[in-house]
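Spelled out from the first residue to the last, the chains are:
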Amino acid sequence: AGQLPIYTVSNVKILHNRLYFTHGMSIGSETDCAVKDVEIRDMSIDGHDADFAVGVRIKTDMSVGGEVRNINYDGICIRRAQEALTIDTYYSKKTGQAYPDIQDVTIKNYHYVDTPDSIYNGDNVRVTLRGFSSDGQDLPLRNIVLDNTVFDSSPQLASKASATIPAAPSYAQILMG
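Caption draft 1: Structural detail: the packing of aromatic side chains. The tally for this structure, following the rule as stated, stands at 5 aromatic pairs. Aromatic side chains Y90 and F132 sit 5.5 Å apart centroid to centroid with 20° between the ring planes, which places their arrangement in the stacked category. Taken as a pair, Y90 in the loop between β6 (83–88) and β7 (101–113) and F132 in strand β9 (residues 132–134) lie far apart in primary sequence, 42 residues in all. A residue is classified by how much of its surface remains accessible, and Y90, at 5% relative accessible area, is buried. Here a set of aromatic residues connected by ring pairs shows up, and it is made of Y90, Y99 and F132.

Caption draft 2: Spatial organisation of the environment of D152. Residue placement: D152 occurs in the loop between β11 (141–151) and β12 (156–157). Overall, D152 belongs to the partly exposed group, its relative accessible area being 41%. In this structure the C-alpha to C-alpha distance between D152 and D114, which are 38 residues apart in sequence, comes to 5.7 Å. Once residues within four sequence positions are removed from consideration, D152 is found in contact with H111, Y112, V113 and D114. At 2.7 Å, the side chain of D152 forms a polar contact with the side chain of H111. One polar contact links the side chain of D152 to the main-chain amide nitrogen of D114, over a distance of 3.0 Å.

Caption draft 3: Local environment of the sheet that holds strand β5 (residues 67–79). On the basis of which strands lie adjacent, the open sheet formed by 6 strands has the order β1-β3-β5-β7-β11-β13 and parallel pairing. Looking along the sheet, the strands with just one partner apiece sit at the ends: β1 (9–20) and β13 (172–176). Between one strand axis and the next, the sheet turns by 15° as a mean value, whatever way the strands run. Of the pairings in the sheet, the one linking β1 to strand β3 (residues 35–46) comprises 10 bridges and is parallel in character. When the sheet's bridge partners are listed, N17 is paired in β3 with M43.

Caption draft 4: Spotlight on the nonpolar core. Ranked by size, the top nonpolar core spans 33 residues in total, and within it I58, I71, Y73, I87, V105 and Y110 carry the most contacts. Listed by contribution, the elements that provide at least two residues to this core are β2 (25–27), β3, β4 (54–59), β5, β6, β7, β8 (126–130) and β11. When residues no more than four places from it in sequence are discounted, the contact partners of I58 are I27, V68, I71, Y73, T86, I87, D88, I102 and V105. Grouped together as the second largest cluster of nonpolar side chains are 5 residues, Y90, Y99, F132 and L139 included.

Caption draft 5: Local environment of the environment of G122. With respect to the secondary-structure elements, G122 resides in the loop between β7 and β8. Here the alpha-carbon distance between G122 and Q156, two residues 34 residues apart in the chain, equals 7.5 Å. Aside from chain neighbours lying at most four places away, what touches G122 is D114, S153, S154, P155 and Q156.

What counts and how
Residues numbered from 1 in each chain as written. Predicted model: local features only at pLDDT ≥ 70, side-chain atom pairs only at ≥ 80, totals over all residues. Heavy atoms only, no water. Phe/Tyr/Trp six-rings, centres within 6.5 Å; stacked < 30°, edge-to-face > 60°. Helix = DSSP H or I, 4+ residues; strand = E, 2+ residues; numbered from the N terminus. Buried < 20%, exposed > 50% of the residue type's maximum accessible area, 1.4 Å probe, protein only. Contact = heavy atoms within 4.5 Å. Polar contact = N/O pair within 3.5 Å; in protein donor to acceptor, adjacent residues only side chain to side chain. Pairing = 2+ DSSP bridges. Axes fitted to C-alpha atoms, helices over the stretch in contact; angles between N-to-C directions. Core = buried A, V, L, I, M, F, W, Y, C linked by side-chain atoms within 4.5 Å.

Next up, the structure:
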C-alpha cells in the first residue's frame with residue numbers, strides 16, 4: 001500500500017451555471033495540491049436567504065492550504081446570500097504546515113443584487129478578504145483584482161478575529177479595476 005499520487009487541479013472551466021439555495025461556488029477547503037488556471041464565467045447564485053448561503057468563495061487554512069493561482073471570475077450575479085464574496089486563508093482553526101498562498105484572482109463583472117424583503121441586503125451581507133500571516137509565514141493575498149464589482153448597497157467587511165485569526169480585511173493587496 002503506497003501513497004496516492006498528488007495532482008494539481010488546473011485548467012478548469014465552470015461555465016453557464018445557475019445555483020439556488022446553495023453553499024455557492026467554492027474553491028477549497030483542500031488546496032494543498034494546488035489549484036491553478038480556473039475560469040468561472042456566466043454564473044448566477046440565489047441563496048434564498050438561507051443562513052448557509054454563500055456566493056463566491058475561496059477557502060483554505062494551514063491544515064489543507066497550498067497555492068491557489070490564476071483564478072478568474074467573469075459575469076457573476078448573486079442575491080440573497082449571507083457571504084457574498086470570501087477569500088479566506090483562515091477557513092477553520094485547524095493547524096498544520098500547509099500554508100495557504102492565494103494570488104492572481106480576478107473578479108470581473110460581479111454584481112450583488114439587493115432584493116426586496118431579503119434578509120441579506122446591505123450590511124447583512126459579508127465580504128471577507130484575509131491573507132495568511134501565522135506560524136512565521138507571511139503570505140498575503142496578492143494581485144486580487146476587483147473589476148466592475150458592484151454591490152447595490154454597502155456590505156459589511158467580516159471581522160471574525162481571535163487570538164490566532166486576524167480581522168478581515170487583512171494581509172491583502174486589492175486592486176480596483
